[in-house]
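Architecture at a glance
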Amino acid sequence: AVTSSNHERKSKSNIVMKKDRLYLTHNTFTEDIPIVIFLKALEIESDQEIVQLVGSSEKYIEGLAPSLHNAQEKEVYTQYQALDFIGSKLKNFRRQRKSRDRADEARDTLAHVILNHIPVQQYNFRLKAIYTAYCIRRVIDAIHDSSALDDKDYY
């Protein structure tokens, strides 16, 4: 779980594993977002780059493989397809302006709401993608070794 806050808002995001697949959860979505689709929306479109960001050792590749397959099953390959997918999962209160398409709403949500403690300049999501990959790595590490878990009561 990551609690993000800036001068405008505070939000909590989680990366969870369900049925061997990684998802991003946040209360602005109607359902969990597959983590690979989230990364593709953050401009990391190639599967190879996703694996390289998380880690190229066998345990990370095995941990990511079902999630990579999940994105292929949903036929999400590009940033625009990922943004459109995420836009379709936004709760109605986020879609205030009817003239904007789902991808634009998703782009704004990713820039200003999800992991909002990481700055996004001119919709450059690179830092957010690197941080997300680091979080994925920590989740996979914790799955393989419970001593890698953080004690949330001790900072």
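Note that the coordinates shown come from a computational prediction; the quantities given were computed from them, not determined experimentally. (Residues numbered from 1 in each chain as written. Predicted model: local features only at pLDDT ≥ 70, side-chain atom pairs only at ≥ 80, totals over all residues. Heavy atoms only, no water.)

**Focus on helix α2 (residues 47-54)**
Among the residues of α2, I50, V51 and V54 are the ones counted as buried. On an axial view of α2, the arc spanned by its buried residues comes to 95°, and they lie on one face. For α2, the exposed residues lying more than 90 degrees away from the buried face are Q48 and Q52. Where α2 is buried, its residues touch α1 (35-41), α3 (58-73) and α6 (126-144). Where α2 terminates, the next one or two residues include G55, which has phi positive at roughly 150°. (Buried < 20%, exposed > 50% of the residue type's maximum accessible area, 1.4 Å probe, protein only. Helix = DSSP H or I, 4+ residues; strand = E, 2+ residues; numbered from the N terminus. Arc of directions from axis to C-beta. Contact = heavy atoms within 4.5 Å.)

**Section: the environment of F38**
For F38, the location among the structural elements is in helix α1. Exposure remark for F38: the relative accessible area of 0% places this residue in the buried category. Sequence separation between F38 and L110 is 72 residues, and the spatial gap between their C-alpha atoms is 9.0 Å. If near-sequence neighbours (up to four positions away) are discounted, F38 is found in contact with L24, I33, I86, L110, I114 and T132.

**Digging into the environment of S13**
Counting through the fold element by element, S13 comes out in strand β2 (residues 10-18). Judged by its relative accessible area of 2%, S13 falls in the buried class. Spatially, the C-alpha atom of S13 lies 6.9 Å from that of L24, the residues being eleven residues apart in sequence.

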